[in-house]
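Understanding the architecture of this molecule
Listed below, chain by chain, are the residues.
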4 protein chains.
Amino acid sequence: MMNEEQWLKELLQLNGEDVKLSEKQIKILEAAIEMFAEKGYAATSTSEIAKKAGVAEGTIFRHYKTKKDLLLAIVTPTLLKSVAPFLAKEFVKEVFESQYESYEDFIRALLKNRYEFVKKYLPAIRVFWQEIAFHVEIKEQLQRIFTAHVYQKFKQIVEYFQKNGELAAIPADSVIRMTIIAIAGFLVARFIVLPDYEWDDEAEMERTVQCLMHGLAKK
Amino acid sequence: MMNEEQWLKELLQLNGEDVKLSEKQIKILEAAIEMFAEKGYAATSTSEIAKKAGVAEGTIFRHYKTKKDLLLAIVTPTLLKSVAPFLAKEFVKEVFESQYESYEDFIRALLKNRYEFVKKYLPAIRVFWQEIAFHVEIKEQLQRIFTAHVYQKFKQIVEYFQKNGELAAIPADSVIRMTIIAIAGFLVARFIVLPDYEWDDEAEMERTVQCLMHGLAKK
Amino acid sequence: MMNEEQWLKELLQLNGEDVKLSEKQIKILEAAIEMFAEKGYAATSTSEIAKKAGVAEGTIFRHYKTKKDLLLAIVTPTLLKSVAPFLAKEFVKEVFESQYESYEDFIRALLKNRYEFVKKYLPAIRVFWQEIAFHVEIKEQLQRIFTAHVYQKFKQIVEYFQKNGELAAIPADSVIRMTIIAIAGFLVARFIVLPDYEWDDEAEMERTVQCLMHGLAKK
Amino acid sequence: MMNEEQWLKELLQLNGEDVKLSEKQIKILEAAIEMFAEKGYAATSTSEIAKKAGVAEGTIFRHYKTKKDLLLAIVTPTLLKSVAPFLAKEFVKEVFESQYESYEDFIRALLKNRYEFVKKYLPAIRVFWQEIAFHVEIKEQLQRIFTAHVYQKFKQIVEYFQKNGELAAIPADSVIRMTIIAIAGFLVARFIVLPDYEWDDEAEMERTVQCLMHGLAKK
DNA sequence: CATGAATGAGCCTTCATTCAT
DNA sequence: GATGAATGAAGGCTCATTCAT
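Residues numbered from 1 in each chain as written. Chains lettered and ligands numbered in written order. Predicted model: local features only at pLDDT ≥ 70, side-chain atom pairs only at ≥ 80, totals over all residues. Heavy atoms only, no water.

Examining the overall build of chain A
Helix and strand content of chain A: ten helices and zero strands. With the principal axes as the frame, chain A shows a C-alpha extent of 65 × 35 × 30 Å. Looking at chain A as a whole, 49% of its 219 residues qualify as buried. In chain A, once contacts between residues fewer than 6 apart in sequence are set aside, the share between residues at least 24 apart is 69%. (Helix = DSSP H or I, 4+ residues; strand = E, 2+ residues; numbered from the N terminus. Buried < 20%, exposed > 50% of the residue type's maximum accessible area, 1.4 Å probe, protein only. Contact = heavy atoms within 4.5 Å.)

Put into structure tokens, the structure is as follows:
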């Protein structure tokens, strides 16, 4: 239980400060995440959530003005954390200056990092991806953040390693697209489509990196 | 309109025989596909569908016993057509004997074929993919068809081209996974995530094929 | 089947003339009687009746303008036949002049006659009694016929046997009430409440007559 | 109003403990009883009940999960109370030991007691008897209670007064049947068939008792 | 703060009835 | 005459939300 609370607080915490969540609030969020992930937002009733959370129906609305607010309280932090590495101020500098000597190292690190992230917060991430198609607010939020933060930085990195000679001279957009597809595709296959298949995670992730790099490398 | 009717009938037609759809039925299906795609099954009311289709609400239930039946009437054929190339009896023989001299030719053909398919039936496909997370029946149907038809044939093809020397000796499962991710990932990016981006489809598809082949080829 | 048709025609036939019923009409009436008896008029849908009768939904409404008309087509003749002995023109004369030498003979004959009647037309009678509480038209019809035909004649008979010295000098209304209750009560017990009990019909009917006569006879 | 509440609470109270009914609940039950009695369960809509009760339709379903639950909440206690005298633990002893010196006294008391009961709870009793034909649950409940409690005790009493010499030596079952028919028949005539007739209740009940006793007494 | 009774709009579905074929 | 597709009102029931306690 301590554990449950913990992952939630970590997920919802956005700027280092501890989030303040009453015990009831935590129960509500947990229940909502679980049910939204399983049945979808529209097919889940607030009374079900209340029952599963062990609180009165009214209590949910004390904390979240509407059912949609409850959804967004889950989705917004998840979305932010999903693209988090790119939100870090120092991120690009780190990539160039020392941390990653090659694009290969970079995507390997990125894949591993996102793998751990999805593993940890899977239910919330399911909610996020399942609902994004139905709620413009979420779609726009993601687009805003992606173009404002992720895309720019990603592009810099790609172009750096193209000049550097590691990557082939294909359009940066294509490189970015293929990189994201390879990483996201692996995670979707691993955690959503075939979570019960017996994965050799280490090997498969390395294969993913290799395949991508051979595909993108300068020949 | 003639056109509209046509694509629907093609989508729903499963074994060569013409499907018989009354005009009202077509209107209902069109309206349902459009609304399910946009708002999701659970958030779409039958009265909205009826209004958009220009029929009485009761008419929907004369043709489809329940709202869920209406969903499945859309999703089942879409699902079947989605994995259709692999359902053709002669398919494997064709691949080996002449049509495709290399795995590269094969995936190029596959990608183009699926690209045309998605382009044509996009709304129905959206419905299918958006709802699969929420309905076990659909998930099980897909799994059954995939393991029974797609997976076996795909494996034969991959192993053939591995013996042949074109593909590297990594596990067939991994090759299949990466192939599917590359193709599906491109289509998702192209039609769902960024349908409004100015795509140079020819170039981008070729790049996808190249990247994948370099990644998978024997070095 | 010949049989089925027969009893229905007999029930519906009111004034000696043969009733003209198309085959479909018979099927509809049979189905309606069966379902109304089992589930009640309000809980039976016309489409169920149509299905059970093997006709199209519209066919019912060609023969009976409304669902209620269908009910009345069943109930009215049943009601009339239920009080039929008293409708016969010559009835009172028969009782006095020869047929029945005593009130005891009269009620014995009445009971046997009504017993055969209920046995033959049970489902239709069930419909009649189950629905009478809910439809004023039926209630009024019964009241009209009862006061106009049954009550008057019954009273004459009772008063005759009171003067005659067979019956005690209690109010005729009370005698009528107790007679009807004894007869109707037996039939309800026999056919509705405990149809599956192993009845010795002869003995039980005789007991009913005896009990009633001892109760009513002059001491 | 105070009065209304009172009779309802008395009817629904089953084991001495006070039933807790919110004001809205009482209004709902009152409205439901009235409408079910008048139009029948199947022909009464929950929205009508709500309107008559002066509550929102949803409120009905907060207290009674389904419309049928509402019916049973009315019918079950009515059914139990209807056969209540026989449910009392001490009942048989009372009959034998002192209270009733003869079968005549016993049925006189029973009739008067049931008369008061029907007079008090008429609408609920109508619902009970009108619906019993259509709902197996109710029929089975009555059968269970009757055979388990009423029949056994009734039989003991009858056989006691037969040995005793008061009652003739006809089968106990027949005595029971005729007794019940006489009592129930009177009540049905009095309250259902001809409630508006000018009844001299005292006289008519005594006549009923006399008639029955003369019919059943040893000669 | 938390509760849970109350609400009434809206949901999916069924119904009796009509009417073109 | 018979059909059965079409209708739209009404049915039972659920829902998100409010508010007095």
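As for the protein's contact with DNA strand F
In the vicinity of DNA strand F, 30 residues are found, and the nearest of them are A:T46, A:K67, B:T59, C:T59 and D:K67. Among atoms of DNA strand F positioned within 4 Å of the protein, sugar and phosphate together represent 62%. Within the backbone of B:A56, a nitrogen or oxygen atom sits 3.1 Å from a phosphate oxygen of DNA strand F. Of all elements in the fold, only α4 (57–63) of chain A, α4 (57–63) of chain B, α4 (57–63) of chain C together with α3 (46–53) and α4 (57–63) of chain D reach the threshold of two or more residues within the surface near DNA strand F. In terms of residue class, the surface near DNA strand F is made up of six nonpolar, 16 polar and eight charged. (Near = heavy atom within 4 Å. Polar contact = N/O pair within 3.5 Å; in protein donor to acceptor, adjacent residues only side chain to side chain. Nonpolar A, V, L, I, M, F, W, Y, C, P; charged D, E, K, R; others polar.)

Topic: the UniProt feature "domain: HTH tetR-type" (unreviewed entry) in chain A
The UniProt record annotates "domain: HTH tetR-type" (unreviewed entry) at residues 22–82 of chain A. The span residues 22–82 of chain A is 79% helical and 0% strand by assignment, and the distance between its end C-alpha atoms comes to 25 Å. (UniProt positions renumbered as here; feature names shortened; annotations may be inferred.)

A word on the protein's contact with DNA strand E
Contacts to DNA strand E come from 29 residues, most closely from A:T59, B:T46, B:K67, C:T46 and D:T59. Note that a base nitrogen of DNA strand E is positioned 3.2 Å from one of the backbone N or O atoms of A:G58. Separating a phosphate oxygen of DNA strand E from a backbone N or O atom of B:K67 is a distance of 2.7 Å. Contributing elements (two or more residues each) for the surface near DNA strand E: α4 of chain A, α4 of chain B, α4 of chain C together with α4 of chain D. Taken together, the residues of the surface near DNA strand E sort by class into six nonpolar, 15 polar and eight charged.

Things to note about the relation of the copies chain A and chain B
Look at the two chain copies: a rotation about an axis and a shift along it is all it takes to match them. Between chain A and chain B, which share one sequence, the superposing operator has a rotation angle of 180° and an axial displacement of 0.0 Å; the RMSD is 0.2 Å. Such values leave the two copies arranged in the relation of a two-fold axis. For chain A, the residue whose C-alpha comes nearest the rotation axis is A:G215, separated from it by 2.3 Å. Interface overlap between copies is the fraction of interface residues in one copy that are interface residues in the other; for chain A against chain B it reaches 97%, indicating a shared surface. (Least-squares fit on C-alpha atoms with pLDDT ≥ 70 in both.)

Description of the pattern of salt bridges
Residues and elements named next belong to chain A. In total, this model carries 41 salt bridges over all chains according to the counting rule given. Among the ionic pairs, R190 bridges to D201, the shortest N-O distance being 2.7 Å. Of this pair, R190 sits in helix α9 (residues 172–193) while D201 sits in helix α10 (residues 201–216), placing them eleven residues apart in sequence. Connected through salt bridges with shared partners, the residues E104, D105, R108 and E206 form a single ionic network. (Salt bridge = Lys/Arg side-chain N within 4 Å of Asp/Glu carboxyl O.)

Quick look at the interface of chain A and chain B
Contacts between chain A and chain B engage 31 residues on the former and 32 residues on the latter. Carbon and sulfur atoms make up 63% of the area that chain A and chain B hide from each other, which totals about 2,400 Å². Taken as a group, A:F134, A:R177 and A:C211 account for 25% of the area that chain A buries against chain B, more than any other trio of residues on that side. At the junction of chain A and chain B, the tally comes to two salt bridges. (Buried area = accessible area lost by both parts, 1.4 Å probe.)

Comments concerning the UniProt feature "DNA-binding region" (unreviewed entry) in chain A
UniProt's entry tags residues 45–64 of chain A with the feature "DNA-binding region" (unreviewed entry), counted in the numbering of this structure. As annotated, residues 45–64 of chain A has a helix share of 75% and a strand share of 0%, and its two end C-alpha atoms lie 14 Å apart.

Topic: the arrangement of the chains
Separated in space, chain A and chain C share no contact, their closest pair of C-alpha atoms being 31 Å apart. These two, chain B and chain D, are apart from each other, with no contact and a minimum C-alpha gap of 20 Å.

What about the environment of C:V209?
Residue and element names in this part refer to chain C. You can see V209 is positioned in helix α10 (residues 201–216). According to the relative accessible area criterion, V209 is buried, its value standing at 2%. The spacing of V209 and A182 is 27 residues in sequence and 8.3 Å in space, taken between C-alpha atoms. Here V209 is in contact with E104, I107, R108 and L111, once residues within four sequence places are set aside.

Concerning the nonpolar core
Membership of the largest hydrophobic core comes to 146 residues, with the highest contact counts inside it found for C:Y103, C:F106, D:Y103 and D:F106. Beyond its immediate chain neighbours, meaning those up to four positions away, D:F106 contacts D:F86, D:F91, D:V95, D:Y100, D:F154 and D:I157. A:A31, A:L110, A:A182 and B:I33 belong to the second-largest nonpolar core, a separate cluster that totals 140 residues. (Core = buried A, V, L, I, M, F, W, Y, C linked by side-chain atoms within 4.5 Å.)

Quick word on the packing of aromatic side chains
The full count for this structure, using the stated rule, is 52 aromatic pairs over all chains. With a centroid separation of 5.8 Å and an interplanar angle of 90°, the aromatic rings of A:F186 and A:W199 are classed as edge-to-face. Taken together, the positions of A:F186 in helix α9 and A:W199 in the loop between α9 and α10 put the pair 13 residues apart, joining distant regions of the chain. For A:W199, a relative accessible area of 15% corresponds to the buried category. Among the aromatic residues, ring-to-ring pairing joins C:F86, C:Y100, C:Y103, C:F106, C:F154, C:Y160 and C:F161 into one connected group. Lying across the ring of C:Y41, C:K67 places its NZ or CZ 4.4 Å from the centre. If you follow C:R190 out to its NZ or CZ, it ends over the ring of C:F191, 4.7 Å from the centre. (Phe/Tyr/Trp six-rings, centres within 6.5 Å; stacked < 30°, edge-to-face > 60°. Lys NZ or Arg CZ within 6 Å of the ring centre and 35° of its normal.)

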